[in-house]
Amino acid sequence: MATSLPAESRAPSPSPSSPFGSYTAAPLGDATRSVSRLDSVDLLRGIIMVIMVLDHVRDYFTDARFDPTDLTQTSPALFLTRWITHFCAPVFVFLSGTGAFLSLARGKPKAELSRFLVTRGIWLIILELTLVQTGLSFTVDRSFMWTQVIWALGWSMIVLAALIHLPVRAIAAFGITMIALHNLLDGINPAAFGTLRPLWMVLHQPGTIQLAPNWTWFTLYPLIPWIGVMAAGYAFGAILLLEKERRNRILLRLGLSLAGAFIVIRLTNIYGDAQRWSAQKDAVFTVLSFLNVTKYPPSLLFLLMTLGPAIALLRALDREPNAVTRPFIVFGRVPLFFYLLQFPLAHALAIGVAHLRGEPTEWLYQTPVFNYPPGYHGFGLAGVYFWWVVTALLLYPLCAWYAEYKRRHPEKRWLSYL
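Owing to the predicted nature of the structure, the values given are computational and were not obtained by experimental measurement. (Residues numbered from 1 in each chain as written. Predicted model: local features only at pLDDT ≥ 70, side-chain atom pairs only at ≥ 80, totals over all residues. Heavy atoms only, no water.)

This brings us to the sheet that holds strand β4 (residues 207-212). Pairing between sheet strands relies on hydrogen bonds along the backbone, with the strands arranged either parallel or antiparallel. The three strands lie next to each other as β3-β5-β4, forming an open sheet whose pairing is mixed. Only two strands of the sheet have a single neighbouring strand rather than two, namely β3 (144-147) and β4. Taking the axes of each pair of neighbouring strands and ignoring which way they run, one obtains an average angle of 25 degrees across the sheet. The sheet contact formed by β4 and strand β5 (residues 215-219) spans five bridges and is antiparallel. (Pairing = 2+ DSSP bridges. Helix = DSSP H or I, 4+ residues; strand = E, 2+ residues; numbered from the N terminus. Axes fitted to C-alpha atoms, helices over the stretch in contact; angles between N-to-C directions.)

Shown next as structure tokens:
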């Protein structure tokens, strides 16, 4: 992940006619502008990671026993608490691609970057199947496995390792095409592939794969279109190398255009999401229906709805850090360290609080997770938000220590894998 760019670094210089033009080595120029630009990427990543913790804390502490997006049972506050966390996975994957591009801007050769993406991708897949699942369930039982965003991130990096040898325009076209057209595959029944049914579910259809009588795999994050999201994020990095005024103009126009495309396509109710919106009992719930798009796998509309505002927000975040933004920048500079800590921390807090309240805790040591037993009452939204803040505050000193350790030990190459 990109952090800061020293003044002496050299980076690809885009052609003046297009942010995706041909590249030649040229000095970046204003170091202050470059650092600020990368701070904005880290800041956005840090913000969405803190929001991500809200979703995971809610899973452990909530008193709701239904899907927060179920319009027949939810409240607007609960729906929006879940909805705001929809931004996390797309922005996280997208900016991972951007970080790969910016590592080239710091002078890393493509062959070296390609090797790094492969090895880090494999490492992420291993972490997903080991530490992440153990942190979620506090058990080493693997009779039920589930693969989430780190799994998709790992495989996307492995594919990106090959893609980076193509022109940036071609990588952009690949990513955008996958994002825009993958919903054409929604009607395909995995059973049509026969013995290859599991492969199709890994690629595009979330669901349960029975690997053996006592071994179940739930594919929550199919790889399509996440691979396309990372590829698009990689190409997006070219925009961040432009002169500030032009860059910010493009960020605003691109972000608003994607958000506008979401509204227009969603209004047609024809394409872009298998879940149609409809008039509800009142105007508020009709709006919620409009926003209620599919995350697994992320539909075209889901990605337009999340990435558009995030790209526009990058323009607003492109400024000097201050006391409010610096903690988020710290989180954004150690994303994997943060991610691996937040599950076991929220989980341990849930166990401790349940003990103090005299509520059952056995379910917190089981897989699959979040099978709330009778007698576990949880908290309303106010309590969920309280424990979210507590979790984020506890994560900060650990992440600040690790960020400083990485900064002081650039020679330790293994740190780039955590």
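Still more to cover.
Moving on: the packing of aromatic side chains. In total, this model carries 29 aromatic pairs according to the counting rule given. Ring geometry for Tyr-60 against Phe-370: centres 5.0 Å apart, planes inclined by 70 degrees, an arrangement best described as edge-to-face. Of the two residues, Tyr-60 is situated in helix α1 (residues 31-61) and Phe-370 in the loop between α13 (335-357) and α14 (381-408); the sequence distance between them amounts to 310 residues. Here the aromatic residues Tyr-60, Trp-363, Phe-370, Tyr-372 and Tyr-376 are joined through ring pairs into a cluster of three or more. Stacked on the ring of Tyr-372, the Lys or Arg Arg-65 has its end atom at 4.1 Å from the ring centre. Lying over the aromatic face of Phe-116, Lys-108 brings its terminal NZ or CZ to 4.5 Å of the ring centre. (Phe/Tyr/Trp six-rings, centres within 6.5 Å; stacked < 30°, edge-to-face > 60°. Lys NZ or Arg CZ within 6 Å of the ring centre and 35° of its normal.)

Counted under the stated rule, the structure contains three cavities of 30 Å³ or more. Estimates place the volume of the second largest cavity at around 40 Å³. Residue lining of the second largest cavity: Leu-44, Val-91, Phe-94, Leu-95, Phe-236, Leu-307, Ala-310, Ile-311 and Leu-314, and that is the complete set. Mapped onto the lining of the second largest cavity, the elements with two or more residues apiece are α3 (88-105) and α11 (300-317). Top element by residues in the lining of the second largest cavity is α11. It accounts for four residues. When its residues are assigned to classes, the lining of the second largest cavity shows nine nonpolar, no polar and no charged. (1 Å grid on protein atoms, 1.4 Å probe; cavity = no way out; pocket = protein on both sides within 12 Å on 5 of 7 lines; lining within 4 Å. Points joined across faces, edges and corners; volume = space filled by probe spheres on them. Nonpolar A, V, L, I, M, F, W, Y, C, P; charged D, E, K, R; others polar.)

When two helices pack together, their arrangement is given by the angle between the helix axes and by the axis-to-axis distance. Contact pair helix α2 (residues 76-84) / helix α10 (residues 283-291): the axes reach a minimum separation of 11 Å and the direction vectors enclose 20 degrees. Here α2 is positioned roughly parallel relative to α10, judged by the angle of their axes. Here the hand of the crossing between α2 and α10 comes out left-handed. Contacts between α2 and α10 involve Pro-76, Phe-79, Leu-80 and Trp-83 from the first element and Val-284, Phe-285, Leu-288 and Leu-291 from the second. (Parallel < 35°, antiparallel > 145°, perpendicular 65-115°, else oblique. Left-handed = near helix turned anticlockwise from the far one by under 90°. Contact = heavy atoms within 4.5 Å.)

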